Amino acid sequence: MMSGSLLVVSGPSGSGKSSLCEKLCEDFDFAHLSVSTTTRTARIGEQEGKDYFFTSKEAFSDAVERGEFLEWANVHNNYYGTSRSRVESELKEGKTVVFDIDVQGQASIVKLFANVTTSVFVTAPSNAILKERLEKRGADDPEAIRKRLENALDEMQSIGAYDYLLINDSFEKSLETLKALALASRIKRDKVELRKFIAEWLS
Ligand code: 5GP
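Quick caveat: nothing in here was measured; it's all calculated off a predicted structure. (Residues numbered from 1 in each chain as written. Predicted model: local features only at pLDDT ≥ 70, side-chain atom pairs only at ≥ 80, totals over all residues. Heavy atoms only, no water.)

K.L.:
Would you take a moment to explain the overall build of the protein for this structure?
P.N.:
Assigned secondary structure in the protein consists of eight helices and nine strands. The C-alpha atoms of the protein give a radius of gyration of 17 Å, which matches the 17 Å a tight globule of 203 residues would have. Projecting the C-alpha coordinates of the protein onto the three principal axes gives extents of approximately 65 × 40 × 30 Å. Across the 203 residues of the protein, 42% fall into the buried class. A fraction of 69% describes how many contacts in the protein between residues 6 or more apart in sequence connect residues 24 or more apart. As presented, the protein carries roughly 11200 Å² of accessible surface, and 54% of it is formed by carbon and sulfur atoms. Mean positive and mean negative side-chain charge positions of the protein (27 and 32 charges, respectively) differ by 3 Å. (Helix = DSSP H or I, 4+ residues; strand = E, 2+ residues; numbered from the N terminus. Rg over C-alpha atoms; globule rule 2.2 N^0.38 Å. Buried < 20%, exposed > 50% of the residue type's maximum accessible area, 1.4 Å probe, protein only. Contact = heavy atoms within 4.5 Å. Areas by Shrake-Rupley, 256 points an atom, 1.4 Å probe, with all protein chains shown as cover. Lys, Arg positive; Asp, Glu negative; His and termini not counted. Charge placed at Lys NZ, Arg CZ, Asp CG, Glu CD.)

K.L.:
Help me understand the packing of aromatic side chains, please; the structure alone is not making it clear to me.
P.N.:
Given two aromatic rings, one states the distance between the centres and the angle between the planes to describe the pair. Within this structure, the stated rule accounts for eight aromatic pairs. Aromatic pair Tyr-52 and Tyr-80: ring centres 5.7 Å apart, planes at 55°, arrangement tilted. A residue pair is termed long-range when its members are at least 10 positions apart, and Tyr-52 in strand E4 (residues 52-54) and Tyr-80 in strand E6 (residues 78-83) qualify at 28 residues. Between the NZ or CZ atom of Lys-179 and the centre of the ring of Phe-28, over which it lies, the distance is 5.6 Å. The ring of Phe-30 has Arg-186 lying over it, and the distance from NZ or CZ to the ring centre is 4.2 Å. (Phe/Tyr/Trp six-rings, centres within 6.5 Å; stacked < 30°, edge-to-face > 60°. Lys NZ or Arg CZ within 6 Å of the ring centre and 35° of its normal.)

K.L.:
I tried to follow the site of the ligand on my own but got confused; where do I start?
P.N.:
The ligand sits among 17 residues. The nearest are Ser-36, Arg-40, Tyr-52, Glu-71 and Tyr-80. At a separation of 3.3 Å, an oxygen atom of the ligand approaches a polar backbone atom of Gly-81. Within the side chain of Arg-148, an N or O atom sits 3.2 Å from an oxygen atom of the ligand. Compared with its free state, where it exposes 510 Å², the ligand has 95% of that area covered by protein. Residue assignment for the shell around the ligand shows that the elements contributing at least two residues are strand E5 (69-75) and E6. Across the shell around the ligand, the residue classes tally to five nonpolar, five polar and seven charged. (Near = heavy atom within 4 Å. Polar contact = N/O pair within 3.5 Å; in protein donor to acceptor, adjacent residues only side chain to side chain. Nonpolar A, V, L, I, M, F, W, Y, C, P; charged D, E, K, R; others polar.)

K.L.:
Please clarify how the environment of Pro-12 should be interpreted in this entry.
P.N.:
By secondary structure assignment, the location of Pro-12 is in the loop between strand E1 (5-10) and helix H1 (17-27). On the basis of relative accessible area, Pro-12 is assigned to the buried category, the value being 1%. Between the C-alpha atom of Pro-12 and that of Phe-30, which follows or precedes it by 18 residues, the distance is 26 Å. Not counting residues within four places of it along the chain, the set of residues in contact with Pro-12 comprises Lys-17, Phe-121, Val-122, Thr-123, Leu-130, Ala-152 and Glu-155.

K.L.:
Help me understand the pattern of salt bridges, please; the structure alone is not making it clear to me.
P.N.:
Close approach of charged atoms allows side chains of opposite charge to pair. The final tally for this structure, using the stated rule, is 15 salt bridges. Here Lys-17 and Asp-100 are joined by a salt bridge, their closest N and O atoms 3.3 Å apart. Taken together, the residues Lys-17 in helix H1 and Asp-100 in strand E7 (residues 96-100) connect sequence positions 83 residues apart. We classify Lys-17 as buried; its relative accessible area is 13%. Of the charged contacts in the structure, one is a salt bridge between Glu-68 and Arg-66, with a shortest N-O distance of 2.6 Å. We classify Glu-68 as partly exposed; its relative accessible area is 36%. Linked by salt bridges that have partners in common, Lys-23, Asp-27 and Lys-179 make up one network. (Salt bridge = Lys/Arg side-chain N within 4 Å of Asp/Glu carboxyl O.)

K.L.:
So what exactly am I meant to see when it comes to the sheet that holds E4 here?
P.N.:
Within a sheet, each strand pairs with its neighbour through backbone hydrogen bonds, oriented either parallel or antiparallel. One open sheet holds the four strands; their spatial order is E4-E3-E6-E5, and the pairing between them is mixed. Of all the strands in the sheet, the pair left with one neighbour each is E4 and E5. Averaged over all adjacent pairs, the angle separating strand axes in this sheet is 25°, with direction ignored. Along the sheet, helix H2 (residues 57-65) makes contact with strand E3 (36-38), E5 and E6, crossing E5 at roughly 140°. (Pairing = 2+ DSSP bridges. Axes fitted to C-alpha atoms, helices over the stretch in contact; angles between N-to-C directions.)

K.L.:
Can you help me understand the environment of Lys-179 in this one?
P.N.:
With respect to the helices and strands, the residue Lys-179 is situated in helix H7 (residues 171-185). Apart from the residues lying within four places of it in its own chain, the contact partners of Lys-179 are Leu-24, Asp-27 and Phe-28.

As structure tokens, then:
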């Protein structure tokens, strides 16, 4: 009878949210990462189907036309979309689907599935620490880093739309907190289900 839950994790690039989501899904069998489709080129080490499904702008807009995405957005001049079919089937199977998506994606998912969605905004302790992490990562040139930091400030304006704010100053501690949130997301129940639950509980 129990259906699954959705855990949306957003935050600036360099906040550590992707590593946290990955480890969460490794440690909890019930948690599955939603793999997005993107038009951005793969970074070194990124794998097709694991990190993203990499595609062209044309193929992406065709998929949009066919209604294949639950939500999609333009982030840093690239397109990103969440595939609909997999999320819907995993939710039915009782999984916790974990989304590593931006603030636009969070707003869309909350609108579609408010009752089963828990959202958490992850950020570095400060702008300076975020900058340092992005530079250390070495994945972006200075211009791209400047853009990502600018975008981070923008994204921070949306913290109020999230259920939780996680300041990632220690990976291990943050992981523990995220695990607690993933478990809690599974016992968040909407009113219709509650009525059904009470009827079943009484019979
Ligand atoms: P990156 O290029 O660093 O992998 O991701 C850039 C941003 O796009 C991140 O904030 C990431 O969470 C977001 N993102 C990744 N996939 C999706 C998606 O399917 N939908 C939305 N709305 N954002 C996404």
